[in-house]
Amino acid sequence: PAASLVVASRSYADFTPEATFDIKKVDLHRLEEGPPLTATLTREEGLKYYRTMQTIRRMELKADQLYKQKIIRGFCHLYDGQEACAVGIEGGITLSDHLITAYRAHGYTLTRGGTVREIMAELTGRRGGIAKGKGGSMHMYTKNFYGGNGIVGAQVPLGAGVALACKYLGNDQLCVSLYGDGAANQGQIFETYNMSSLWKLPIIFICENNQYAMGTSVERSAASTEYYKRGDYIPGIRVDGMDVLCVREATKFAAAHCRSGKGPILMELQTYRYHGHSMSDPGVSYRTREEIQEVRSKSDPISMLKDRMLSNNMASIEELKEIDIAVRKEIEDAAQFATTDPEPPLDDLCSHIFANDQPFEVRGATPWTKLTSTS
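Residues numbered from 1 in each chain as written. Predicted model: local features only at pLDDT ≥ 70, side-chain atom pairs only at ≥ 80, totals over all residues. Heavy atoms only, no water.

Visitor: In this structure, what is going on with the pairing of strand S9 (residues 360-363)? I would like to understand it.
Guide: Note on strand geometry: in a regular strand, side chains alternate between the two faces of the sheet. Bridge count between S9 and strand S10 (residues 370-373): four bridges; the pairing is antiparallel. Residue pairing for S10: Arg363 is matched across the bridge by Lys370. Hairpin remark: S9 followed by S10, antiparallel, with six residues in the connecting loop. (Pairing = 2+ DSSP bridges. Helix = DSSP H or I, 4+ residues; strand = E, 2+ residues; numbered from the N terminus.)

In structure tokens:
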């Protein structure tokens, strides 16, 4: 064992500890200059990003399987294909910053500090879920992560409220407020742009443009498909959302803009979802299987990072395979827990209404049924 450890340490020492890559130029709106055209990646960062993206991918594929077995019920929107967005954004901010998104939220729940076990158990409505089995797919939360929100576009003004709190408290924090191309035509988003700009709020508006909203292509649903210009008086950037390094550098740039007191900034991430809008959408009635396959083969975020690392001697194929095996095991263990953990009892229904309060009585479905709420 000692000899093999020496060999292992020698082989790891042979890897390139850091490399710089050319990344795609972003499109700018109301900005003189944008993010850099190169990104430096350390071996540790690369392995971390690879593992996180692979975990999100495998977790979503397992959720698909459990949904088809009718173990997960109700709404379920999968994030596979868009992993570079969540991982890249997290690489450009800190966990003390704030983030709010729509209902395609499993990936963000993980990057914000949730565990696979908690997420899978929430999907199956079990007591060990991240929202104790009461939220399901669309309503997961962690510290400084405000969900999963089911109403289209409604999370954007809430994000501005969080950004207002950051400014009021003067804590040098910011809020990332995400929405999709489908929600981009919502009136409340434009109201929020206006207030955020007037008050110079530290908010990054991010439109995850996955091209098809609920099943209508952007060309058929939007008179202007340049979502990064939609803020008009708010500066904007359009970014390759399939490249984790592009997203990370753009997020760092946007975060610096907000922290310097310049107010809001808008980012459009051009990305793609492999699944349908939700599990009730087969995803091939408004696009071809060939199109999906082409994106997978040419622009897959995980493959792109993997190729960069291998071609620059930052990791070995064997090492990445070991990560894949460990991730698969973690997903299987989480799925096992999510199918055996008990559902929350009825007595828990009204608990956690308030964060810190004395227990109080809540009327049930009829006047004569009483439930107790505890914090």
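From this point, the narrative continues.
Visitor: Help me out: how do you make sense of the packing of aromatic side chains in this one?
Guide: How two aromatic rings sit relative to each other is set out by the distance from centre to centre and by the angle between their planes. On inspection of all chains with the given rule, the structure shows six aromatic pairs. With a centroid separation of 5.1 Å and 75° between ring planes, the pair formed by Tyr193 and Phe205 is classed as edge-to-face. Highlighted residues: Tyr193 in helix H7 (residues 187-198) and Phe205 in strand S6 (residues 203-209), separated in sequence by 12 residues. Assessed through its relative accessible area of 1%, Tyr193 is described here as buried. Each ring, one from Phe354 and one from Phe360, has its centre 5.7 Å from the other, and the planes form 55°; the classification is tilted. Put simply, the rings of Phe190, Tyr193 and Phe205 touch in pairs and so form one group of aromatic residues. It is Arg117 that lies over the ring of Phe337; its NZ or CZ is 3.7 Å from the centre. We note Arg308 situated over the ring of Phe21; from NZ or CZ to the ring centre the distance is 5.4 Å. (Phe/Tyr/Trp six-rings, centres within 6.5 Å; stacked < 30°, edge-to-face > 60°. Buried < 20%, exposed > 50% of the residue type's maximum accessible area, 1.4 Å probe, protein only. Lys NZ or Arg CZ within 6 Å of the ring centre and 35° of its normal.)

Visitor: It is not clear to me how helix H11 (residues 301-311) should be interpreted in this structure. Could you clarify?
Guide: Because each turn of an α-helix spans 3.6 residues, side chains separated by three or four positions end up pointing in the same direction. Here H11 has its buried residues at Pro301, Ile302, Leu305, Arg308 and Met309. What you see down the axis of H11 is that its buried residues fit within an arc of 135°, all on one side. Each element contacted by the buried residues of H11 is listed here: strand S1 (18-22), strand S3 (38-42), helix H2 (43-68), helix H3 (83-92), helix H9 (244-259) and helix H10 (289-299). Measuring from the backbone nitrogen of Ile302 back to the side-chain oxygen at the start of H11 gives 3.1 Å, which picks out Asp300 as the cap. (Arc of directions from axis to C-beta. Contact = heavy atoms within 4.5 Å. Polar contact = N/O pair within 3.5 Å; in protein donor to acceptor, adjacent residues only side chain to side chain.)

Visitor: What is the right way to read the packing of helix H5 (residues 116-123) against helix H12 (residues 317-340) from this model?
Guide: A pair of packed helices is captured by two measures, namely the crossing angle of their axes and the spacing between those axes. Where H5 contacts H12, the axes come no closer than 8 Å and their chain directions differ by 40°. By the angle class used here, H5 and H12 are oblique. Once H5 is placed against H12, the crossing between them reads as right-handed. Taking contact as the criterion, the partners of Val116, Arg117, Met120 and Ala121 in H5 are, on H12, Glu330, Ile331, Ala334, Phe337 and Ala338. Split by residue class, the contact of H5 with H12 holds seven nonpolar, no polar and two charged. (Axes fitted to C-alpha atoms, helices over the stretch in contact; angles between N-to-C directions. Parallel < 35°, antiparallel > 145°, perpendicular 65-115°, else oblique. Left-handed = near helix turned anticlockwise from the far one by under 90°. Nonpolar A, V, L, I, M, F, W, Y, C, P; charged D, E, K, R; others polar.)

Visitor: Please explain the side chain of Arg230 as it appears in this structure.
Guide: Position of Arg230 among the secondary structure elements: in the loop between helix H8 (218-221) and strand S7 (236-240). Buried within the structure, Arg230 lacks any salt-bridge partner; Glu268 is the closest side chain of opposite charge, at an N-O distance of 8.1 Å. For Arg230, the side chain forms a polar contact with the main-chain oxygen of Ser224, separated by 2.8 Å. Residues within four places of Arg230 in sequence aside, it is in contact with Ala184, Asn185, Phe190, Tyr193, Ala222, Ser224 and Leu266. (Lys, Arg positive; Asp, Glu negative; His and termini not counted. Salt bridge = Lys/Arg side-chain N within 4 Å of Asp/Glu carboxyl O.)

Visitor: Hey, could you run me through the side chain of Glu319 in this one?
Guide: Here Glu319 shows up in helix H12. A polar atom in the side chain of Glu319 sits 2.7 Å from the side chain of Arg43.

Visitor: Hey, could you run me through the nonpolar core in this one?
Guide: Considering soluble globular proteins, one finds that nonpolar side chains tend to be buried as a cluster. Counting residues in hydrophobic clusters, the biggest one holds 70 residues, and the most contacted among them are Ile89, Tyr108, Val176 and Ile204. Setting aside chain neighbours within four positions, we find Ile89 in contact with Ala84, Leu99, Tyr108, Val176, Leu178, Ile206, Val247, Thr251 and Leu269. Counting 20 residues, the second largest nonpolar core, distinct from the first, contains Ile100, Val156, Tyr179 and Ala222. (Core = buried A, V, L, I, M, F, W, Y, C linked by side-chain atoms within 4.5 Å.)

Visitor: In this structure, what is going on with the packing of H2 against H3? I would like to understand it.
Guide: Contact geometry of H2 with H3 gives a least axis separation of 9 Å together with a crossing angle of 140°. Here H2 is positioned oblique relative to H3, judged by the angle of their axes. As for the relative orientation of H2 and H3, their crossing is right-handed in sense. Here Tyr49, Thr52, Met53, Ile56 and Arg57 of H2 come into contact with H3, specifically with Glu83, Ala84, Val87 and Gly91. In terms of residue class, the contact of H2 with H3 is made up of five nonpolar, two polar and two charged.

Visitor: What am I meant to see in the pattern of salt bridges here?
Guide: Should their charged atoms come close, side chains of opposite charge can pair. Counted under the stated rule, the structure contains 16 salt bridges. A salt bridge links Asp97 to Arg259, with the nearest nitrogen and oxygen atoms 2.6 Å apart. Taken together, the positions of Asp97 in the loop between H3 and strand S4 (98-100) and Arg259 in helix H9 put the pair 162 residues apart, joining distant regions of the chain. For Asp97, a relative accessible area of 0% translates into the label buried. Of the residues examined, Arg259 reaches a relative accessible area of 30% and is grouped as partly exposed. For Lys252, the salt bridge is made with Glu249, and the minimal N-O distance between the two is 3.8 Å.

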